[in-house]
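In case you want the letters, here they are:
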Amino acid sequence: ETGLILSLPAAIGLTVIAAPIMAVLFERGEFTHADALQSSYALVAYAVGLPAYVLARVFSTAYFAREDTMTPVKFAITCAVINTVLALAFISPLRHVGIALATGLTAWVNLALLMHGLHKKKHLDLPRHSVLRGGKVVLSGVIMAGVLWYLNTVVFNGLTSGTPLHKALELAGLIGAGGTVYFAALYIFGIFNMHTIKQLFPKGKKRDTIETIEKEL
């Protein structure tokens with residue numbers, strides 16, 4: 001849940017306001033507006049796989065904890081082949097964006113393989129409340145995406161005018177507004193509050209871990 005909560009808004013933000021991000025960061029000198037726009041397409045394609053990258057790292061740990069290091073490696077090799085095939089298939093119609101999209105889609109394939117492998121061995125049983133909470137997180141992300149799209153296209157007009165400093169400030173405002181709306185939605189849905197924060201950082205966790213190790217030794 002924590003991985004999804006943190007990675008989803010990043011993926012959505014990089015997708016919805018990719019063009020302003022690339023323009024503010026790189027559009028100067030010989031890096032033209034057209035270059036920034038083409039780069040933003042690749043950024044969107046990469047961002048598609050961002051939640052999968054994070055969640056795959058979480059589920060890979062479940063294999064390592066059971067001393068199974070070969071299965072994730074086999075999945076990684078399989079995904080490398082799939083990535084290559086997709087890149088070759090996409091590069092002609094989509095050019096550089098096709099390579100990025102192949103990587104993003106393959107990340108989801110890897111995550112699906114990891115989850116299926118755990119489920120097949122009966123090591124993965126997601127409680128119903130976790131699935132519902134995940135749905136609320138996704139809904140919060142959708143709300144954030146709508147607000148970002150409105151602010152970017154209607155209020156700030158895509159950050160197409162003004163000085164570089166003015167554009168940078170507007171971009172910072174967009175990011176701040178998106179983050180505020182997202183975490184406000186999480187709070188309204190009961191996903192993010194002081195109780196959940198305390199659960200993520202329990203005071204006695206480190207001490208308990210040290211004491212457990214000492215007992216085992």
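Residues numbered from 1 in each chain as written. Predicted model: local features only at pLDDT ≥ 70, side-chain atom pairs only at ≥ 80, totals over all residues. Heavy atoms only, no water.

Chemist: Whenever I open this one, helix α7 (residues 128-155) confuses me. Can you help?
Modeler: Residues three or four positions apart in an α-helix share a direction because the helix packs 3.6 residues into each turn. The end-to-end C-alpha distance of α7, which contains 28 residues, comes to 40 Å, matching closely the 40 Å that a straight helix rising 1.5 Å per residue would cover. Within the span of α7, buried status applies to Ser130, Gly134, Val137, Ser140, Gly141, Met144, Ala145, Leu148, Leu151 and Asn152. Close packing links the buried residues of α7 with α1 (2-16), α2 (18-26) and α8 (164-188). Phi turns positive, to about 55°, at Asn157, one or two residues after α7. (Helix = DSSP H or I, 4+ residues; strand = E, 2+ residues; numbered from the N terminus. Expected span 1.5 Å × (residues − 1). Buried < 20%, exposed > 50% of the residue type's maximum accessible area, 1.4 Å probe, protein only. Contact = heavy atoms within 4.5 Å.)

Chemist: Before we go on, may I ask you to explain the pattern of salt bridges in this structure?
Modeler: Pairing between side chains of opposite charge can happen when the charged atoms of each approach one another. All chains considered together, the criterion is met by two salt bridges. Here Arg133 ties to Glu1 by a salt bridge, and the two come within 2.9 Å at their closest N and O atoms. On the criterion of sequence distance, the pair formed by Arg133 in helix α7 and Glu1 in the segment before α1 is long-range, its members being 132 residues apart. The exposure class assigned to Arg133 is partly exposed, which follows from its relative accessible area of 22%. The exposure class of Glu1 is partly exposed, given its relative accessible area of 44%. Note that Asp68 and Lys121 form a salt bridge whose closest N and O atoms lie 3.1 Å from each other. (Salt bridge = Lys/Arg side-chain N within 4 Å of Asp/Glu carboxyl O.)

Chemist: Can you walk me through the side chain of Thr71 in this structure?
Modeler: As for its placement among the helices and strands, Thr71 is situated in helix α5 (residues 70-94). When near neighbours in sequence (up to four residues on either side) are disregarded, Thr71 contacts Tyr63 and Lys121.

Chemist: Hey, could you run me through the packing of aromatic side chains in this one?
Modeler: Remark: the centre distance and the inter-plane angle together describe each pair of aromatic rings, the angle taken between the planes. Inspection of the entire model under this criterion finds three aromatic pairs. Note on Phe26 and Phe31: the rings are 5.9 Å apart at their centroids and 50° apart in plane angle, and the pair reads as tilted. Given the relative accessible area of 41%, Phe26 is considered partly exposed. The exposure class assigned to Phe31 is partly exposed, which follows from its relative accessible area of 27%. (Phe/Tyr/Trp six-rings, centres within 6.5 Å; stacked < 30°, edge-to-face > 60°.)

Chemist: Teacher, can you tell me more about the environment of Ser39 here?
Modeler: Here Ser39 lies in helix α3 (residues 33-47). Between the alpha carbons of Ser39 and Val97 there is a distance of 8.4 Å; along the sequence they are 58 residues apart. When residues no more than four places from it in sequence are discounted, the contact partners of Ser39 are Met22 and Phe31.

Chemist: It is not clear to me how the packing of α5 against helix α6 (residues 96-120) should be interpreted in this structure. Could you clarify?
Modeler: Each pair of packed helices can be described by the angle between their axes along with the distance between the axes. Between α5 and α6, whose axes approach to 7 Å, the crossing angle comes to 150°. Classed by the angle they form, the pair α5 and α6 counts as roughly antiparallel. With respect to the hand of their crossing, α5 and α6 are arranged in right-handed fashion. Broken down by class, the residue content of the contact of α5 with α6 amounts to 18 nonpolar, six polar and no charged. (Axes fitted to C-alpha atoms, helices over the stretch in contact; angles between N-to-C directions. Parallel < 35°, antiparallel > 145°, perpendicular 65-115°, else oblique. Left-handed = near helix turned anticlockwise from the far one by under 90°. Nonpolar A, V, L, I, M, F, W, Y, C, P; charged D, E, K, R; others polar.)

Chemist: Whenever I open this one, the side chain of Asn110 confuses me. Can you help?
Modeler: The topology assignment puts Asn110 in helix α6. On the basis of relative accessibility, which here comes to 18%, the residue Asn110 falls in the buried class. In contact with Asn110, not counting residues within four places along its chain, are Ala56, Phe75, Ala76 and Cys79.

Distances and angles like these do not, on their own, reveal function.
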